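Chain by chain, the residues run as shown.
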Amino acid sequence: MTEPILALWSDDPAQVDLLSFDAVAKTVTDALLDEALDPVALGLSGSWGSGKTTVLGLVAQELDQRGTPDGKVLVIQTDPWRYDPATGAKESLIAEVLASLADEVNRSETKTDKAKKLLGRLAKRIDWAKAIKLAASSSLTLQIPDFDKLVELVKPKEGDEDSVRGLEAFRDEFAQLIQSDDLKHVQAVVVLVDDLDRCLPETVVESLEAMRLFLAVPKMSFVIAADEERVADAIRTRFAATGRPEESDVDRQDPATLYLHKIVQTTIPLPALSHFDTQAYLLLLQLQGAAGTEQLTALIDRCAQIRRNGGTVDDIGAINGLAMEEELAFASRLTPLLYEKLHGNPRYIKRFLNDLCVRQSVASRRGITLDPSVVAKLMTLEALMKPEFKLLLGWFAKGEMRDQLARLEDEAGRPAATDTAPDLDPPAHADGAGDGEPAVRPRRDGRRVPEPPATAPTSGQFSQAMVRWAKLAPPLRGLDLSPYLTLAASFAGVTLIDESLPERLRDIAANLLSESTRERASVTDEELEKLGAGDAADLLRHIGRTLRDQPAKQKAGVNAIFRILRGQPGVVSDARDALLMLPPSDITLATPLQFKRDDPAEIRSVLTTWKERLPEGPVKRAVESALNPQGGA
């Protein structure tokens, strides 16, 4: 039984930087600690799964390393997506900041009463966000709120010193708290905001308002990790009347984008993985569990150096005796398609590998003994090229898969190898000159694919995507893919039906090819004798194609051919053709024993054909015995 070559990877943010995201994290940290940008709000923009949370973690580590006893950087990590909707985003964000500051005040050696009193007053003022929300919804409905107008709406009553209303008073007192002696040792407070682009529009807007209206004071900084366009879309949804500017109105600036840029001074985009990054990431993920700590660190450093200086995975060289030939071949084989189809997204790549691991595990536990590289190639088609995979399943349902794959690999420059066992196809598909590539072990670079002969024109039968996929190692010609495809079809909820077989014959065909003796016996000889010549020919053709694509049904299929033949003597040629669809390499010892000495000459000629195409061995001797009048049945 083939064991899966990959383990499952956690979908949580990476704890080890495999992609040199530290370059982005250090750039963000430099800006956060730049006194000329105090206070500052930075955006860290990237699509879902691009590594934003991982970079936030690296920023937190970098800030911690740069802090000193007299110049601590207080890092507050928050996730508005997890806020309680009943509490409100403004209140939740401000409360988290105040709670962290309260803990820091309690640890302070100064311990003055001023900071504690300020914290008490500020805690009471959290409810201001509700007032601003009410004012915005009632007085500025469907409009991007102007900050000055919001301030006017919630000013404290004149002469009321105890009033807890008043945005300006809050910010003043919050600024006093940050500058108090109890927090003098804190050089900066950095709030790392994650998953804002997952939130409902109301939460997005309230979180941004809290940062801009309440907390933007000296020593306060924010990093907002989110897809900037999704955040802008949330603002547009919240203030629907603003909409997007018309494409023809080039002079009009998008209000939602302006609103976001008023809060976020600059956005640092998180780059998608390059071709090399994808290849290196696949390699590192595979070796992360197998390599020792020093080996993995050396490999990460080597990849980072290549990334800086330019180069390929071939430049990695040896790493402290770490064996990685198979992992390099796997990464090289899949990188072109994964890079293109998954758009350089680390999480999508990780999910693909997890799906592959699960499929390999399920397949192996169901007795499917395909090499892992074959499963990986099929999974690539199944997961990334769904229309093409549906086409493959259609071939399989019709019993045309091996014929079509042979033609496809011919067109892709993968003709049948001449240095292996005889051709796996019937005489109609002669073998061509092959490159001798092993069936399950691709070359190290995974990209050196033999070119088709210059004189061989392309048929145009297959799409460029299918031909490109066929070029991937390893070749699939002659392999029994039926167990995997049956499993994949069941996962996809696809029913494998040969539409070319008349519906009236489908139950008979299914029962004749069943593994159940009871079901095969349910088709009586009388029922087969009553078939019309056309129906008998259609049934034989279907059984022959099934034998070709599903060797596991060989015993039942050959038996069914002889049952039909003996009840319908007029279909000798169709029966012969059906038997010849069985690849000689798949013939079992029991199959020649089903032939009889008094079978028609056309039928016995099948044995002669098989004998000529079989290598020396037990199966060939069984065929020779069936041809011998003294040894036949």
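Before reading further, recall that the structure is shown in the block above.
Description of the structure in this document. (Residues numbered from 1 in each chain as written. Predicted model: local features only at pLDDT ≥ 70, side-chain atom pairs only at ≥ 80, totals over all residues. Heavy atoms only, no water.)

Topic: the packing of aromatic side chains
1) Next: According to the stated counting rule, one finds four aromatic pairs in the structure shown.
2) Next: Summarising the aromatic geometry, the rings of Trp48 and Tyr348 are spaced 5.5 Å apart at their centres and angled 45 degrees between planes, so their arrangement reads as tilted. Within this pair, whereas Trp48 is found in the loop between β1 (40-45) and α2 (52-66), its partner Tyr348 is found in helix α14 (residues 346-365), the two being separated by 300 residues in sequence.
3) Next: What makes Tyr348 partly exposed here is its relative accessible area of 37%.
4) Next: With 5.0 Å between their ring centres and 80 degrees between their planes, Phe562 and Phe595 make a pair best called edge-to-face. Taken as a pair, Phe562 in helix α24 (residues 554-567) and Phe595 in the loop between α25 (572-580) and α26 (601-613) lie far apart in primary sequence, 33 residues in all. Both residues of the pair, Phe562 and Phe595, belong to the buried class.
5) Next: An aromatic cluster of at least three residues, connected via ring pairs, comprises Phe562, Phe595 and Trp610.
6) Next: Of note, Arg198 hangs over the ring of Trp81, and the distance from its end group to the ring centre comes to 4.4 Å. (Phe/Tyr/Trp six-rings, centres within 6.5 Å; stacked < 30°, edge-to-face > 60°. Helix = DSSP H or I, 4+ residues; strand = E, 2+ residues; numbered from the N terminus. Buried < 20%, exposed > 50% of the residue type's maximum accessible area, 1.4 Å probe, protein only. Lys NZ or Arg CZ within 6 Å of the ring centre and 35° of its normal.)

With respect to empty space enclosed by the protein
1) Next: Applying the stated criterion across every chain yields a total of four cavities of 30 Å³ or more.
2) Next: What the largest cavity holds in volume is close to 90 Å³.
3) Next: For the largest cavity, the full set of lining residues is Gly43, Leu44, Ser45, Ile224, Ala226, Glu228, Val231, Leu260, Val264 and Thr267.
4) Next: Of all the secondary structure elements, the ones that give two or more residues to the lining of the largest cavity are β1 and α9 (228-238).
5) Next: Taken together, the residues of the lining of the largest cavity break down into six nonpolar, three polar and one charged. (1 Å grid on protein atoms, 1.4 Å probe; cavity = no way out; pocket = protein on both sides within 12 Å on 5 of 7 lines; lining within 4 Å. Points joined across faces, edges and corners; volume = space filled by probe spheres on them. Nonpolar A, V, L, I, M, F, W, Y, C, P; charged D, E, K, R; others polar.)

Considering the packing of helix α8 (residues 201-214) against helix α10 (residues 255-263)
1) Next: With their axes 9 Å apart at the nearest point, α8 and α10 run at an angle of 40 degrees to one another. When the interaxial angle is binned, α8 and α10 end up oblique. Note that α8 runs across α10; the crossing there is left-handed. Facing α8, whose interface residues are Val205, Leu208, Glu209 and Arg212, α10 presents Tyr259, Leu260, Lys262 and Ile263.
2) Next: Grouping the amino acids of the contact of α8 with α10 by side-chain chemistry returns five nonpolar, no polar and three charged. (Axes fitted to C-alpha atoms, helices over the stretch in contact; angles between N-to-C directions. Parallel < 35°, antiparallel > 145°, perpendicular 65-115°, else oblique. Left-handed = near helix turned anticlockwise from the far one by under 90°. Contact = heavy atoms within 4.5 Å.)

Read these as layout, nothing more, since geometry by itself doesn't imply function.
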